[in-house]
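Descriptive analysis of the structure
Chain by chain, the residues:
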Amino acid sequence: MSGTGAPERETIDGSGLNIVIVAGQWHETIANGLLDGARRALDGAGASYRVVPVPGSFELPVVAKAALDAGADAVVALGVIIRGGTPHFEFVSSAATDGLTRVALDTGKPVGFGVLTLDDEAQGIDRAGLPGSREDKGFEAADAALRTALALRELRA
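Let me sum up the structure you'll find in this document. All values derive from a computational prediction rather than experimental measurement.

I19, I21, I30, L42, V76, L78 and L146 are the most contacted members of the largest nonpolar core, which has 25 residues in total. Mapped by element, the contributors of at least two residues to this core are β1 (18-24), α1 (28-45), β3 (74-82), β4 (111-118) and α5 (137-156). Top element by residues in this core is α1. It accounts for 7 residues. Counting 18 residues, the second largest nonpolar core, distinct from the first, contains V20, A67, I81 and V115.

Within helix α2 (residues 60-69), burial applies to L60, P61, A64, A67 and L68. Summarising the axial view, the buried residues of α2 lie within an arc of 125 degrees, below the 170-degree limit, and thus occupy one face. In α2, the exposed positions angled more than 90 degrees off the buried face are occupied by V62 and D69. On its buried side, α2 packs onto β1, β2 (48-54), β3, α3 (88-107) and β4. A positive backbone phi angle near 115 degrees is found at G71, which sits one or two residues after α2.

A separate point is the sheet that holds β4. Two orientations exist for strands paired in a sheet by backbone hydrogen bonds: parallel and antiparallel. One open sheet accounts for 4 strands, arranged β2-β1-β3-β4; its pairing is parallel. The open sheet is flanked by β2 and β4, the only strands paired with a single partner. On average, each strand axis in the sheet is inclined to that of its neighbour by 15 degrees, with strand direction left out of account. Where β1 lies against β3, 5 bridges are found, and the strand directions are parallel. Note on β3: the bridge partner recorded for I19 is A74. α2 contacts β1, β2, β3 and β4 of the sheet and is inclined by roughly 170 degrees relative to β3. The strands that α5 touches are β1, β3 and β4; relative to β3, the one it contacts most, it runs at about 150 degrees.

Here we come to the pattern of salt bridges. Applying the stated criterion across every chain yields a total of 10 salt bridges. A salt bridge links R127 to E135, with the nearest nitrogen and oxygen atoms 3.8 Å apart. Like R127, the residue E135 is buried in the burial classification. Here K137 makes a salt bridge to E140, at a shortest N to O gap of 3.1 Å. A residue pair is termed a helical-turn pair when its members lie 3 or 4 positions apart in one helix, as K137 and E140 do in helix α5 at 3 residues. Take K137: its relative accessible area is 16%, and that puts it in the buried class.

A word on the side chain of T107. Mapped onto the elements of the fold, T107 is located in helix α3. Reaching out from T107, the side chain makes a polar contact with the backbone oxygen of V103 at a distance of 2.8 Å. For T107, the contacting residues outside a window of four places in its chain are K65, L68 and D69.

Turning to the layout of surface pockets, a few remarks are in order. A volume near 280 Å³ is recorded for the second largest pocket. Lining of the second largest pocket is provided by 15 residues; of these, W26, V80, I81, H88 and V92 occupy positions nearest its centre. Contributions of two or more residues to the lining of the second largest pocket are made by β3 and α3. Of the residues assigned to the lining of the second largest pocket, the class counts are 8 nonpolar, 6 polar and 1 charged.

Calculation notes
Residues numbered from 1 in each chain as written. Predicted model: local features only at pLDDT ≥ 70, side-chain atom pairs only at ≥ 80, totals over all residues. Heavy atoms only, no water. Core = buried A, V, L, I, M, F, W, Y, C linked by side-chain atoms within 4.5 Å. Buried < 20%, exposed > 50% of the residue type's maximum accessible area, 1.4 Å probe, protein only. Helix = DSSP H or I, 4+ residues; strand = E, 2+ residues; numbered from the N terminus. Arc of directions from axis to C-beta. Contact = heavy atoms within 4.5 Å. Pairing = 2+ DSSP bridges. Axes fitted to C-alpha atoms, helices over the stretch in contact; angles between N-to-C directions. Salt bridge = Lys/Arg side-chain N within 4 Å of Asp/Glu carboxyl O. Polar contact = N/O pair within 3.5 Å; in protein donor to acceptor, adjacent residues only side chain to side chain. 1 Å grid on protein atoms, 1.4 Å probe; cavity = no way out; pocket = protein on both sides within 12 Å on 5 of 7 lines; lining within 4 Å. Points joined across faces, edges and corners; volume = space filled by probe spheres on them. Nonpolar A, V, L, I, M, F, W, Y, C, P; charged D, E, K, R; others polar.

This is the structure:
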């Protein structure tokens, strides 16, 4: 099971951080669960944030880059890609993953990776932080973005 071995973490102070959640809109139930989890993490840390919806996961990198270039301290990228019977899954998954990695490296700012690449909808429901889910990947992506932004702030001080 994914998530085995996840560390126990204390709540952090994200006050003063400006975060943008870039949220794909495909698979509404799962996408909304991811978004709710990211909001819980950011609210709990006291970070300021805004949500920018995008059509799907393919569009995440370009909007994430624009948000970071406009001054965001970090981005939380949320998306859902479910395998189908065509190569579309591999193309979109690769483009989103490679694009978001490039954005983080090119800007020197964190991108919390909350893009679920799934074989079926049930896997997404189990990871979306919904009632009965075993994991909360939206929360985890936002928490990772916050912790990385704070680590970079400390290194640059």
